[in-house]
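In case you want the letters, here they are:
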Amino acid sequence: MKNNFLSFVKKESLHILRDKRTMLIVMIVPVVLMVLFGFAISTEVNNINIAVSAPERTDGVKDVVDRIAHNEYFSFYGYIDQEQIDKELRSGKVSVVVVFASDFDRRMEQISAGVPSKPIIQLVVDGSNVNIAGASTAYLQGILLGTASQQAMFETRMLFNPQMKSAYNFVPGIMGLIFILVCAMMTSVSIVREKEVGTMEVLLVSPVRPVKIVFAKMIPYFVISFVILVMILLLSHYLLDVPMSGGVWGIFSLSLLYLLLSLSLGLLVSTIAKTQVAALLISAMVMMIPVLLLSGMIFPIENLPEIFQVLSTIVPARWYIDAIRKMMIQGVPLMAVWKNSTILLAMTIMFIVISLKKFNDKLE
Amino acid sequence: MSEIVISVRDLTKCFGKFTAVNNISFDVYRGEIFGFLGANGAGKTTAMRMLCGLSYPTSGNGTVAGFDITREGEMIKRHIGYMSQRFSLYNDLTVGENINLFAAIYGLSKQNTRKHTAELLARLNFSSERDTLVGSLPLGWKQKLAFAIATVHRPEVVFLDEPTSGVDPIMRRQFWEMIYEAAEGGTTIFVTTHYMDEAEYCSRVSIMVDGEVRALDTPTRLKQQFTAESMDEVFRTLARDAERGE
């Protein structure tokens, strides 16, 4: 009866291939999300408008201004007078004004000579956008500290993601989301569709074992997810320069486990839902929202209220995203995330056992 | 009459306190067209599900095609065909793909499938529609195709659950011709229907009321027994006493 299993796989593939619209969405959404999160939506701050107020444009001042102007994060607005500062900030034309002390050059020399000094540069920052304010202050301090390097008392080294690229942060999150979407949602909808239309009844009266029907359904979705996985890995490596220093195979095997988990989750939903709409809703409410909110994809888990932190431990995506992030960006091998892998494996087995049991009970 | 294909004794099915099917007993013979009538909620579908091996009886026993319905459900499934009122083929597959799928489900070999498919398409005058998506066929054609596919593996018994509901009279007529043809070939037909004119076409008819079989005989003799003009009258006489509503 191996023959009829293959026929089922073929049938499911035809269902998917003939449904061009869904197929297109499934293949394009991951790419769009990657590009969106990779380039457009980013927590990096670029092109901050910056103005300078200096009583005297000495060589020392020009030198500093030059460095600011050449920095990719800033665009130099121009020199303004002391009285204009408030007006320019309010109008929103500039976000930061750098104010130099009148005797800037002299004091710099003193500092170089080791004589303690009062502050010689003041940053006036528009605090209405917290993100821009925080980022620009940090960047400027970096640039300006270089000027008075002798004063630098500590040095920061950003490991793993020295350029603070937000793409690094989002890629694992997108992977966690996409596979749930494709595997869990689409399998559950396709199983429930057969129940709703009535074809499932005919299959149940036939000699085919129900388990076989379900597994045959999973295979094409598994293949699609696999293609998406390869696509995402290629995109993130070549387009977004995500390092993947932990080894592609580790990332791959953990992702395959996660695919399996998503499929079994879809199976579980299909045993609960009676209509396609219900299956979609359950997928959206029970799977998507927790992935978005509780997986650490967008909001760091450490920042969540304690009760949500506890809740997040039952969200599979949390463990997956965490592990993938470590492997992709920190470059740790698969062995180092054994805890996450074990949890994911246990969850997968649990989902499969429960859903198979429920599936068989249903027949009676 | 000849060999018994379906035999049911004291079959009962309860859902909690509700007795859907109450102690029914009957025999169906080979090559017969057995009409299984009853108002909605009379227990027809429940009884049929038990015969198809989809659900276990609470008590009583029965055999279908020589296999016990409580213990040999899987064997029964190999020897029966099934078609429900809900359209049960895949709309997004072509006629040929649907036939191949069901042939594979019933374990037909490649050569057999090819032979059966060609025969089946020729019989239905469908040969030119082989690569048409089933979804684009008219309903009557779909139902004929569904019946042909339900019998593609030459089952001993075919269960038809209101196969003609919603089909126009001409197509219904053609559909019944197919049923006759299959019955003449030795296939036993077990059919439920709401159309009383169709009940007249059956070899024998059983009428279920409130989970019990209240009448079982040939249409002619039932009409005599109830001194009725038509099966419709017989049915209404019996169904009048029903306690269960729609």
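Above this note sits the structure.
If you're wondering where the values come from, they're calculated on a predicted model, not measured in any experiment.

Parameters at a glance
- Residues numbered from 1 in each chain as written.
- Chains lettered and ligands numbered in written order.
- Predicted model: local features only at pLDDT ≥ 70, side-chain atom pairs only at ≥ 80, totals over all residues.
- Helix = DSSP H or I, 4+ residues; strand = E, 2+ residues; numbered from the N terminus.
- Contact = placed C-beta atoms within 7 Å.
- Rg over C-alpha atoms; globule rule 2.2 N^0.38 Å.
- Buried ≥ 20, exposed ≤ 12 C-beta atoms within 10 Å, placed from the backbone.
- Nonpolar A, V, L, I, M, F, W, Y, C, P; charged D, E, K, R; others polar.
- Core = buried A, V, L, I, M, F, W, Y, C linked by C-beta atoms within 7 Å.
- Pairing = 2+ DSSP bridges.
- Axes fitted to C-alpha atoms, helices over the stretch in contact; angles between N-to-C directions.

## Points about the overall build of chain A
- Secondary structure assignment for chain A yields 14 helices and four strands.
- Principal-axis analysis of the C-alpha atoms places the extent of chain A at approximately 95 × 40 × 40 Å.
- The long-range fraction of contacts in chain A, counting pairs at least 24 apart against all pairs at least 6 apart in sequence, stands at 77%.

## Looking at the overall build of chain B
- Secondary structure assignment for chain B yields nine helices and ten strands.
- Over its C-alpha trace chain B gives a radius of gyration of 18 Å, about what one expects of a compact globule, namely 18 Å for 246 residues.
- Along the first, second and third principal axes, the C-alpha atoms of chain B reach 50 × 40 × 35 Å.
- Looking at chain B residue by residue over its 246 residues, the buried ones come to 46%.
- Considering only contacts in chain B between residues 6 or more positions apart, those separated by 24 or more positions represent 69%.

## Section: the interface of chain A and chain B
- Listed per partner, the contact involves 18 residues of chain A and 22 residues of chain B.
- Of all the secondary-structure elements, those providing two or more residues to the side of chain A that touches chain B are α1 (2–18) and α8 (199–205) of chain A.
- Element by element, the count of residues in the side of chain A that touches chain B is highest for α1(A), at seven residues.
- Of the residues belonging to the side of chain A that touches chain B, the class tally is seven nonpolar, seven polar and four charged.

## Describing the nonpolar core
- In this structure, Phe159(B) and Phe190(B) are the most contacted members of the largest nonpolar core, which totals 140 residues.
- If you tally residues by element for this core, the top one is helix α7 (residues 166–197) of chain A, at 18 residues.
- Sequence-distant contacts of Phe190(B), that is, excluding residues within four places in its chain, are made with Ile6(B), Val28(B), Phe34(B), Phe36(B), Val157(B), Val158(B) and Phe159(B).
- The next biggest cluster of nonpolar side chains, apart from the first, holds 18 residues, and it includes Val52(A), Ala54(A), Val61(A) and Ile68(A).

## Let's talk about helix α3 (residues 95–105) of chain B
All names here are of chain B.
- Here α3 lies mainly inside the structure; ten of its eleven residues are buried.
- For α3, the set of buried residues is Val95, Glu97, Asn98, Ile99, Asn100, Leu101, Phe102, Ala103, Ala104 and Ile105.
- Immediately beyond the C-terminal end of α3, within one or two residues, lies glycine 107, with a positive phi of roughly 70°.

## Digging into the sheet that holds strand β7 (residues 157–161) of chain B
Residue and element names in this part refer to chain B.
- One open sheet accounts for six strands, arranged β6-β7-β8-β3-β9-β10; its pairing is mixed. Edge positions in the sheet fall to β6 (80–83) and β10 (212–217), since each of these pairs with one other strand and no more. The mean angle between the axes of side-by-side strands here comes to 15°, regardless of whether they run parallel or antiparallel.
- Here helix α1 (residues 44–51) sits on the sheet and contacts β3 (33–38), β7, β8 (188–192) and β9 (204–209); the angle it forms with β7, its principal contact strand, is near 155°.

## Description of the pairing of strand β2 (residues 18–29) of chain B
All names here are of chain B.
- Of the strand pairs in this sheet, strand β1 (residues 4–15) and β2 are connected by eight bridges, and their pairing is antiparallel. Within β2, the residue paired with cysteine 14 across the bridge is threonine 19.
- Remark: two residues form the turn of the hairpin made by β1 and β2, two consecutive strands paired antiparallel; glycine 16 in that turn has positive phi of roughly 65°.

## Topic: the sheet that holds β1(B)
Residue and element names in this part refer to chain B.
- In spatial order, the strands read β2-β1-β4-β5; together these four strands make up an open sheet with antiparallel pairing. Taken across any chain shown, the strands that pair with only one partner, and hence form the sheet edges, are β2 and β5 (67–68).
- Here strand β4 (residues 59–64) runs beside β5; their pairing, made up of two bridges, is antiparallel. Residue threonine 63 lies in a different strand from β5, and its bridge partner there is aspartate 68.

## Some details on unusual backbone geometry
All names here are of chain B.
- Even without glycine at this site, alanine 65 takes up a positive phi of about 55°.
- The topology assignment puts alanine 65 in the loop between β4 and β5.
- Despite not being glycine, arginine 154 shows a phi value in the positive range, around 50°.
- By the element assignment, arginine 154 lies in the loop between α5 (139–150) and β7.

## Here we look at the environment of Ile349(A)
All names here are of chain A.
- Assignment of secondary structure puts isoleucine 349 in helix α14 (residues 338–363).
- For isoleucine 349, a count of 13 C-beta atoms within 10 Å puts it in the partly exposed group.
- On a C-alpha basis, the gap between isoleucine 349 and glycine 246 in space is 26 Å, while along the polypeptide they are 103 residues apart.

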